[in-house]
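Spelled out from the first residue to the last, the chains are:
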Amino acid sequence: MRTTKYIAIILLLSCTIQASAQKNEDKWLKRNWNDMIARFNIYFNATQKLLTAEDNLASKQKDNFNEFIDLFPYGAEEDAKAIRPAMEETMKKASKVIQKKPRSKWVDDSYFIIGQTQFFSGDYFAARETFQFINANYPDPRIQAMSQLWVMKTYIQQEKYDDGEAIFGLLQKNKYNGKDFETQLNLAAGDLMVKQDKHALAIKLLTKGLNNLRDRTLKYRTYFILGQLYLDGKEYANANENFIKVLKLNAPYEYVFQANLGMAKSTAESGGQGSQKTSKFLKRMLDDDKNLEYFDQIYFELAKLEFNNNNEKLGLEYMKKSAVSASNNSEQQTRTYLFLADYFFGKRDYTKAQAYYDSTVAIIPSEFENADKIKAKHSVLSKLIENIETIRTQDSLLALSRLDRDVLDRKINKYIEIEAERERLAKEAEEIQKEQDRLSNTNARGNPLNAPASAGGTFYFYNTAAVARGNNDFQRTWGKRPLSDFWRFINKSVMEDAISSDENKTDEKPVADPDTYVSSQDEEQSKVLENIDDSKVKYYKDIPFSATAQLVAKRKIQAAYLGIGKVYFDDLKEYLKTKENLSTLLVKYPTTVHKPEALFYLSKSETELGNNEDAASYAKQVADEFPESVYNGVLNAKEIQEDDSDKEVIKIYSDMYTAYTAGKYKEVIAFKKKIDQEYAGNSIQAKIDYLFALTIGKTEGKEAYIKELEILKEAYTGTEIGEMAAFTLRLLQVAEVEQAGPLEQLAPNTPSIYKVEESATYYQVITGITKDENKVQIQLDDYNLNLYSSKNLRSSSLVLGTRHMFYIKQFSTQKEALEYHNDLNSSLDFLKSVGLTDVKIYAISEANFKILVKTKEENQYVAFFNNQIN
């Protein structure tokens, strides 16, 4: 019995232990099964999708080799947006692990993948929140360290470099030392230091990051950046060593070429025989067909090499070859055109400089460094060339008008013959080209199996050889131009005269005002053209035969000389050129209406050149001949006695005046406030108040200016400053009589000097107050180029009383002009953003425009436009 009892107890215990073991074995098996499914099915698929997306972004990476390239090829913002659908699928895959296998040890890794999908999609804020969630909720040291590393990356991508560097400081103290983490941390931190221009630290970190790096793409990119950093630091041996490593890693050819170019730069800058070796090396690169698309960069480097060796002639030849080499690299094309523009600008050959600035502005990328300054310089030179061309054209036309009629007819007939022959030759060349293309396409069709891929088909744009040939011919003639309907249009104000000829005759008599003269209203001019054959009228119509037309031409020349002088003085600081052009103006046209202003600028130029006696002579001439002019008030203002006790305030006033001449009006106002608070009752207060009034006129418009002048007039009665203020007030009152009352008070039935013309040519006019008309003009040109490139729109500017007028021409019908008007009216912020205030816009017929410019009755026209047109 006792034995049986023991056996039963042992059997019962055995069964209990076996059942318990089976239960524990089931838990272990289930847990490991779930981990295996999570890792090798769901997580694996998510990882593969993520890797595919990374490769996709890397393939779209466009590096700017003129700067330090980004280490990580994450693509552009639009590339990140493009992969969002794929990233959402990846996120769903990773979410399945979290939802269906919540006890799996791969849950934290799945959250990590979700953070990466958000990162690669460009949603850096969401990515940062996800990585911070992982760091706070999962204790695994590896996943915590990697999450913080990717938090740092989100800050780098958002250009929050200080925050990124703060995270790097924390990660340096992290105890986790996995090799992959250390590698990625050093690389990311190195990339951060490059972006902060901390090059020595960047080199140290990137070099450490290479120790255990296996990714080939990151390897050659890291070596390339190190080569760039050493080249920038003039450590040429180290630069070459890293560029050579790029070549050894079998990198894509783009990086091979840039590494070779980097070594060429390094050798050239190292001195000794370096430049000769580099020249030979670069020329060998020209012999390699693989470098065909990089010829523009090779010629650019050859040109810089020759310029550095003081061989300008050969350098210029290479730079021009760089300009005409076919390339899709707008960055390089911009650099080439800009180099040539700056070169000729430095040589004071402003005509050639403007032409190259013209090409630069046509293709300059929006993110190019100093793009706005380049456009502004282009605008200044455009004004200069416009005036030079005006003089050249009007002088030529006046010379033709003085010829005997028989001589003139022979000249024009000869020109017509030359033009006809030129057209015939051009047509022949076109026919020959068409025949060559036809034969080329016929051969391609006759042997379709053996034809090379580039032969193309019968349609021109299928024939890649023909397209490439046409593209090269086009670029040789026109340079690199934007792909738009109106490809010849470039942002510039040099288009044509402010007022074009009008065929619609009116009963008004012609006047000799260049802004309002219409040749068809000039009876004497029209009579000369009556007996000319219709086919030849276009060659005669611009020649000023009548006395009025000749007077208009001469006034255009006078205004152009003054304009040239002012551009040279105000914008280019070429005082000798100012003197030369304004002296020519006064010699040729001694009674010109621009004489007081010309004498004013001549006096100022002589002062800048240090010729004080000549400056005083011109100032005296202004005082003698134009005593009531504002120029006399400025040049010959009597000095106010200054007390030695006011040396400090005189120093501040000097700074205040410097700020005013530099256009820094906020600083002027700040100086005025400081003087009023700390130096009340000083001996030069009148000067200070007058300068402040001028500043108010520049910043707050006419009404505020008049108010300040009234205060000066009363406060300094009997003094020079008081007289200057009174005289300026008289000038302002004479210059423009404003309409009384708001526009609404103009009754609709008030007789109007304007007419409704639905089928006439129309302009779009924008007026307002601005301190920088160049910026407004650039904005308008860019607006038209981007949105209306096919409409052949051109913009110019005039002064209408105290307001700046910008007008856009031309629209063939009233309806077309009103459509443009409505579009522009809904998007005026782009003009206000560059400082155009008190904006008025309206469409206006060509005939009404001339009346407006003549009468300056803008308020009346705006009322007419609102009541009867819009």
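Residues numbered from 1 in each chain as written. Predicted model: local features only at pLDDT ≥ 70, side-chain atom pairs only at ≥ 80, totals over all residues. Heavy atoms only, no water.

Peer 1: Would you mind showing me how to read the pairing of strand E1 (residues 762-769) here?
Peer 2: Successive side chains on a regular strand alternate, one facing one side of the sheet and the next facing the other. The buried count for E1 comes to seven of eight residues, which makes it a mostly enclosed element. By the bridge criterion, seven bridges tie E1 to strand E3 (residues 803-811) in an arrangement that is antiparallel. Looking across to E3, one finds that Val 765 is bridged to Tyr 807. Relative to strand E4 (residues 837-845), E1 runs antiparallel, the two being bridged by seven bridges. By the bridge assignment for E4, Val 765 is matched with Tyr 842. (Buried < 20%, exposed > 50% of the residue type's maximum accessible area, 1.4 Å probe, protein only. Helix = DSSP H or I, 4+ residues; strand = E, 2+ residues; numbered from the N terminus. Pairing = 2+ DSSP bridges.)

Peer 1: It is not clear to me how the packing of helix H25 (residues 595-608) against helix H26 (residues 612-625) should be interpreted in this structure. Could you clarify?
Peer 2: Axis angle and axis distance: for two packed helices, these are the angle between their axes and the distance between the axes, and together they describe the pair. Packing of H25 against H26 brings their axes to within 7 Å, and their N-to-C directions diverge by 160°. Classed by the angle they form, the pair H25 and H26 counts as roughly antiparallel. Where H25 crosses over H26, the handedness of that crossing is left-handed. Where H25 abuts H26, its residues Lys 595, Pro 596, Leu 599, Phe 600, Leu 602, Ser 603, Glu 606 and Thr 607 lie against Asn 612, Asp 614, Ala 615, Tyr 618, Ala 619, Gln 621, Val 622 and Glu 625. (Axes fitted to C-alpha atoms, helices over the stretch in contact; angles between N-to-C directions. Parallel < 35°, antiparallel > 145°, perpendicular 65-115°, else oblique. Left-handed = near helix turned anticlockwise from the far one by under 90°. Contact = heavy atoms within 4.5 Å.)

Peer 1: What am I meant to see in the packing of aromatic side chains here?
Peer 2: Working definition: an aromatic ring pair is given by the centre-to-centre distance plus the angle between the planes. Throughout the structure, instances matching the rule amount to 46 aromatic pairs. For the ring pair Tyr 74 and Phe 120, a centre distance of 5.6 Å and an interplane angle of 65° mean the geometry is edge-to-face. With Tyr 74 in the loop between helix H1 (2-59) and helix H2 (77-82) and Phe 120 in helix H4 (residues 107-120), this residue pair connects regions lying 46 residues apart in the sequence. On the basis of relative accessibility, which here comes to 12%, the residue Tyr 74 falls in the buried class. (Phe/Tyr/Trp six-rings, centres within 6.5 Å; stacked < 30°, edge-to-face > 60°.)

Peer 1: What is the right way to look at the confidence of the model for the protein in this model?
Peer 2: Close inspection of predicted coordinates is inappropriate in any region flagged by low pLDDT. Model confidence for the protein is summarised by a mean pLDDT of 77, while 78% of its residues fall at 70 or above. The secondary-structure element of the protein with the lowest mean pLDDT is helix H20 (residues 464-478), recorded at 50, while helix H9 (residues 199-209) shows the highest, at 93. In this model, residues 443-469 is a region of pLDDT below 50 whose contacts with residues beyond four sequence positions or in other chains number 25 contacts. Considering only residues more than four positions removed or in separate chains, one finds that residues 734-750, a stretch of pLDDT under 50, has 20 contacts. (pLDDT = per-residue confidence, 0-100.)

Peer 1: How do you make sense of the pairing of strand E2 (residues 794-800) when you look at a structure like this?
Peer 2: The buried count for E2 comes to five of seven residues, which makes it a mostly enclosed element. Sheet analysis places E2 next to E3, joined by seven bridges and oriented antiparallel. Its bridge partner being in E3, Leu 798 is matched across the sheet by Met 805.

Peer 1: Help me out: how do you make sense of the environment of Thr 183 in this one?
Peer 2: The topology assignment puts Thr 183 in helix H8 (residues 179-195). For Thr 183, a relative accessible area of 4% translates into the label buried. When the C-alpha atoms of Thr 183 and Thr 207 are compared, they prove to be 9.9 Å apart, with 24 residues separating the residues in sequence. What Thr 183 contacts, discounting residues up to four positions off in sequence, is Gly 209, Asn 212 and Leu 213.

Peer 1: Where do I start with empty space enclosed by the protein in this structure?
Peer 2: One simple way to see leftover space: roll a probe sized like a water molecule over the atoms. All told, the structure shown has three cavities of 30 Å³ or more when counted by the stated rule. Computed from the structure, the second largest cavity encloses a volume of approximately 40 Å³. Forming the boundary of the second largest cavity are Phe 72, Tyr 74, Lys 153, Ile 156, Gln 157, Ala 188 and Asp 191. It is helix H6 (residues 141-157) that provides the largest number of residues to the lining of the second largest cavity, a total of three residues. Along the lines of polarity and charge, the residues of the lining of the second largest cavity split into four nonpolar, one polar and two charged. (1 Å grid on protein atoms, 1.4 Å probe; cavity = no way out; pocket = protein on both sides within 12 Å on 5 of 7 lines; lining within 4 Å. Points joined across faces, edges and corners; volume = space filled by probe spheres on them. Nonpolar A, V, L, I, M, F, W, Y, C, P; charged D, E, K, R; others polar.)

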